[in-house]
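# Overview (structure and organization)
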Amino acid sequence: MNSQTLSSFFLLFNIKLLILLQVLPIGSSNPEEFYKTCGNKFSCGSITNIGYPFRGIYDPLYCGSPGLVLNCHQNEITTIQIINTTYRVLGIYETTQTMRIVREDVMRSTCPQDMVNTTLDYSLFDYSGTNTNLTFLYGCPTLNIPGLSLVCNNGYNGVYVLSGTQGPGKCNASVVVPVLVSAGNGAGGPVNSTSLDQVLQQGFEIRWKMDGKDCNNCIESKGRCGFNFATNRTACFCPNQPYISATCSGANGTRSSSGAIFFLF
């Protein structure tokens, strides 16, 4: 092995070692720890007993999908980050793999304060069929805009909200916010000034795409579900050997290569 090849090998080794240290339990490289540390359920306010593929922000990284991390504020409010936007979680419904969320900025003000459209990570989520859109237009000239005129404390004059999805047109900016059709807005119907806050704060529904079959098989075999960073899929952590497997002993007997779950040479 020449010096250049040897240097490349050690560089690759060090990179993979850093990755390994990020996902292994602190102070331990024993795979038995995966089962022990992924037994927590997330509870905060009205959001209770939520397990994989979600995890709490302080749980080990390998206990849930990296895009499904829940944070608890003052033991009452649950939030999640999606594409650098903070959403308040109003409900999580595991049987249908849906959740109801609302932009945190519209919980503080009728007008969205962050000048970005509501956007999902489509590798993880999709909208359910229960939503419609509202468009907020900012900095509009004096026009005959068939929408609800608003006064917003965000530096913009000439603010309107319309049903549906629209670009800014002759206005300075536009922000699209989904809402529930059942909130009284209706698909393409007029926006009611007396109920706009209520419509916005009821949020909208999204569906997470992660297949729950592997996790269900794991739980049925007395294992605990975790996240496989090598394959971006579910791993099964077992209380006994093999500690990392497709299912635990006593179920299908299927065994995966435990050494390849998080760290591959």
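You'll find the structure just up there.
Residues numbered from 1 in each chain as written. Predicted model: local features only at pLDDT ≥ 70, side-chain atom pairs only at ≥ 80, totals over all residues. Heavy atoms only, no water.

## Here's the deal with the environment of Leu150
- Along the chain, Leu150 turns up in strand 10 (residues 148-150).
- For Leu150, a relative accessible area of 14% gives the class buried.
- Along the sequence, Leu150 and Thr110 sit 40 residues apart, while their C-alpha atoms lie 8.8 Å from each other.
- Not counting the four nearest positions on each side in its chain, Leu150 is found in contact with Cys111, Phe136, Val159, Val161 and Leu196. (Helix = DSSP H or I, 4+ residues; strand = E, 2+ residues; numbered from the N terminus. Buried < 20%, exposed > 50% of the residue type's maximum accessible area, 1.4 Å probe, protein only. Contact = heavy atoms within 4.5 Å.)

## Description of the nonpolar core
- One finds Phe54, Ile80, Ile92, Met99 and Phe125 to be the most contacted residues of the largest nonpolar core, which totals 29 residues.
- Membership of the second largest hydrophobic core comes to 18 residues, among which are Val106, Cys152, Val159 and Val179. (Core = buried A, V, L, I, M, F, W, Y, C linked by side-chain atoms within 4.5 Å.)

## With respect to the pairing of strand 15 (residues 233-237)
- In terms of burial, strand 15 is largely enclosed, as four of its five residues are buried.
- Where strand 14 (residues 224-228) and strand 15 come together, five bridges link them in antiparallel fashion. Among the inter-strand pairings, Gly226 is bridged to a residue of strand 15, identified as Ala235.
- Turn length for the strand 14-strand 15 hairpin, with the two strands adjacent in sequence and antiparallel, is four residues, and the turn residue Asn232 shows positive phi of about 55°.
- What sits between the antiparallel neighbours strand 15 and strand 16 (residues 244-245) is a turn of six residues. (Pairing = 2+ DSSP bridges.)

## Thoughts on the pattern of salt bridges
- A complete count under the given rule lists three salt bridges for this structure.
- Its salt-bridge partner being Arg88, residue Glu104 comes within 2.6 Å of it at the nearest N-O pair. Within this pair, whereas Glu104 is found in helix 3 (residues 104-108), its partner Arg88 is found in strand 6 (residues 85-93), the two being separated by 16 residues in sequence.
- Exposure remark for Glu104: the relative accessible area of 15% places this residue in the buried category. (Salt bridge = Lys/Arg side-chain N within 4 Å of Asp/Glu carboxyl O.)

## Here's the deal with the state of the cysteines
- Going through the model one piece at a time under the given rule, you end up with seven disulfides.
- Cys44 shares a disulfide with Cys72; S-S distance 2.0 Å. Disulfide Cys44-Cys72: the torsion about the S-S bond is 75°, which places it as right-handed. Of this pair, Cys44 sits in strand 1 (residues 42-44) while Cys72 is found in strand 4 (residues 69-73), placing the two residues 28 residues apart along the sequence.
- Disulfide partner of Cys215: Cys225, at an S-S distance of 2.0 Å. Judged by the sign of its S-S torsion, about 105°, the bond between Cys215 and Cys225 is right-handed. Of this pair, Cys215 sits in helix 5 (residues 213-220) while Cys225 sits in strand 14, and the two are ten residues apart along the sequence. Taken individually, Cys215 and Cys225 each receive the classification buried, so the pair is uniform in this respect. (Disulfide = S-S within 2.5 Å.)

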